[in-house]
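Structure at a glance
Take a look at the letters that make up each chain.
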Amino acid sequence: MKKFYRLILFVLLITYADFLSAQILNQVNINQKPIPGTCIDKSCSTVQPKVGSFANAYTQTQCGLNYAISGVKLTQRATWQPGVGQPATMNISTIPPCVVPANGHILRAYVYWIVEGGPATGSVNLTNPLGVTQNFTGTLIGNVSGGKCWSCSDTRHFRADVTSHITGNGNYTISGLPQSTSCGDTDGAVLVIIYRDPSATYQGTMVLHDGIILVNGGSQNHTLTGFTACGPTTNATAFIVAGDLQNSFSATTPVTMNGVTGNVTNNFFNLDIRNVTVTSGQSSSLFGINSSGDCWSWICAGLYFQTTTCVTCTPSGTIATPGAVSGPTTLCAGQTATYSVGTVTGATSYNWTVPSGWTINSGQGTTSISVTAGSTSGNVCVTASNSCGTSSPSCTNVTINTAPPQPAPITGSTSVCSGQTLTYSISSVAGATSYNWTVPSGWTINSGQGTTSISVTTSGSTGNVCVTASNACGTSPAQCLAITVGAAPASPGAITGSNPICPNTTNSYSIATVTGATSYTWTVPAGWVINSGQGTTSISATSGTIGGNICVTAANGCGTSAAQCTNITMNTISTAPISATANPSTICNGSSTILNR
């Protein structure tokens, strides 16, 4: 522009010398005493003070945090070094493959642009690599009235948050920004994407300040604060974005990043990135631009560094946790079963784990496995993996069942009679789902089969009442109770004792012991009295005046025997008159005689 103005003045002087002399004097006077914020010929003889300031836009420290950046020069008014037309492309190619926007890995993304003399508000159309276009309204982060050197109304800096529109690597196209060969022109635009790499083992820190710092000739600095390097750093970079650094004024400009100054090539719209060293404990970073007599505006500055010693960062991968594991939640030891999950998007393999003692028969690495269960309960789990990492596990708890233990002792009578109705029972057995009873031959189970208690009717068979407990995994050992089946005693043997007997005499009668008998019952003829022994095998009885049957039965819990009897006869005394003769026939008191019939 400086050359452009001199050429105009030369031509006008030749054609209209007198008229233009006054105009030139007026213009020179203006240049010698520039209005604050303007510098028409862009080579101000007086350095103007800085206008505007920076503020923190984004500061974050996080495992895997990193950034990608790309810029494009758009200016058309700088005819000696113009930018590209719109739509204009910015390529992003450094985002790792494990960064998945759909999983929230894009933390923040901004488009910055600088407008000279444009409208007070601004917006940008951004087309992402998927071909989707969206309009974003920019936030005015800096505005200097009068602008920088171009006699335009204002220099305005804008920032738009485009986080939601980032889809990863590829070409991002912008359009809709002011573009002109005079005022109302955009110097250029920058896309900054801050992301989290879930596969990374480093901790990243990003410090980004933005706003407007405008200088019409001279240098200005800004210090980034609000961070502390917790340890030795690796892979540290710094960047600045500035507009109107003109190669027509000078080829290079000294730029300070993180306290170190080096020349950058003037490109009218400058995105300059530099590797830097951040020291342990560092908590500030000096940035600056020194353009001597040129004018420029500075929109943002950033510092990024990584550490690996402060925090242990464990790669989490980008794979979603598999869905619920399907399969049986109870198994028997030794049983074969299948467990499976749905396909996980992006997964290339699956890893299954099973409880100790189990065997994975087939399917490891896939979405479905066949297993043989061991004797230990526990979790069947699966994780999904790809080259970026491994998901969190999805698990299901499986309980291992075994055959029930032997039931506790059976309660019930051990000595029974044929034909009795009795109950036998046990306590519940842990893990049992059913019970099976067996009884001696000829017995009948009336009710309760399959439960812990049965009602039975006995027969004459002696044997065992037994029970087992069962579930899906097997049957327990049997618990048995030996049963003796009794019967009514046999009829007692012959009754021994006096026979015949005299009336009103006391006599004893007895029998031999009857097998199985627990008691005996005696009966005697009418008028007799049993003095003792009733219930035993021997009685003492006083007879009456008549004879009859003495009987005895044997009894036990099962019944009474047939009676054993003996008929007892009585000795009798004659009462008829007896004729007798005495010899001598006459006797004295106290003497004896013989009577003859």
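This section reports on the structure supplied with the text.

Rules used throughout
- Residues numbered from 1 in each chain as written.
- Predicted model: local features only at pLDDT ≥ 70, side-chain atom pairs only at ≥ 80, totals over all residues.
- Heavy atoms only, no water.
- Helix = DSSP H or I, 4+ residues; strand = E, 2+ residues; numbered from the N terminus.
- Disulfide = S-S within 2.5 Å.
- Buried < 20%, exposed > 50% of the residue type's maximum accessible area, 1.4 Å probe, protein only.
- Phe/Tyr/Trp six-rings, centres within 6.5 Å; stacked < 30°, edge-to-face > 60°.
- Pairing = 2+ DSSP bridges.
- Axes fitted to C-alpha atoms, helices over the stretch in contact; angles between N-to-C directions.

Turning our attention to unusual backbone geometry. Of note, the amide linkage connecting glutamine 86 to proline 87 takes the cis form, showing an omega dihedral of 0 degrees. A cis amide bond, omega 5 degrees, links asparagine 499 with the succeeding residue proline 500. Structurally, proline 500 can be placed in the loop between strand E35 (496–497) and strand E36 (506–510). Backbone geometry places cysteine 149, a non-glycine residue, at a positive phi of 75 degrees. Its location among the elements puts cysteine 149 in the loop between strand E7 (139–145) and strand E8 (154–161). A positive phi angle, close to 60 degrees, is found at asparagine 504, a residue other than glycine. Tracing the backbone shows asparagine 504 in the loop between E35 and E36.

Here we come to the state of the cysteines. Applying the stated criterion across every chain, the model contains 10 disulfides. The partner cysteine of cysteine 63 in its disulfide is cysteine 313, sulfur to sulfur 2.0 Å. Given an S-S torsion of about -75 degrees, the disulfide between cysteine 63 and cysteine 313 has left-handed geometry. Taken together, the residues cysteine 63 in strand E1 (residues 54–63) and cysteine 313 in the loop between strand E18 (295–307) and strand E19 (330–332) connect sequence positions 250 residues apart. With relative accessibility at 28%, the residue cysteine 63 sits in the partly exposed group. Two residues share a disulfide in this structure: cysteine 98 and cysteine 388, whose sulfurs sit 1.9 Å from each other. Judged by the torsion about the S-S bond (-95 degrees), the cysteine 98/cysteine 388 disulfide is left-handed.

Evaluation of the coordinates by the stated rule reveals 12 aromatic pairs. Taking 5.2 Å as the distance between ring centres and 70 degrees as the angle between the ring planes, the aromatic pair formed by phenylalanine 54 and tryptophan 298 counts as edge-to-face. Within this pair, whereas phenylalanine 54 is found in strand E1, its partner tryptophan 298 is found in strand E18, the two being separated by 244 residues in sequence. Summarising the burial analysis for this pair, phenylalanine 54 and tryptophan 298 share the class buried. Between tryptophan 80 and phenylalanine 268, the aromatic rings sit 6.4 Å apart at their centres with planes inclined by 80 degrees, giving edge-to-face as the arrangement.

A few words on the sheet that holds strand E23 (residues 368–372). Across a sheet, strands are paired by hydrogen bonds formed along the backbone, either parallel or antiparallel in direction. Across the sheet, which stays open at both edges, the 3 strands sit in the order E20-E23-E22 with antiparallel pairing between neighbours. The open sheet terminates on both sides in strands that have one partner only, identified here as strand E20 (336–340) and strand E22 (359–362). Taken pair by pair, the neighbouring strands of this sheet meet at an average axis angle of 40 degrees, ignoring direction. In the sheet, E22 pairs with E23 via 3 bridges, with the strands oriented antiparallel. Counted as the bridge partner of serine 362 is serine 370 from E23.

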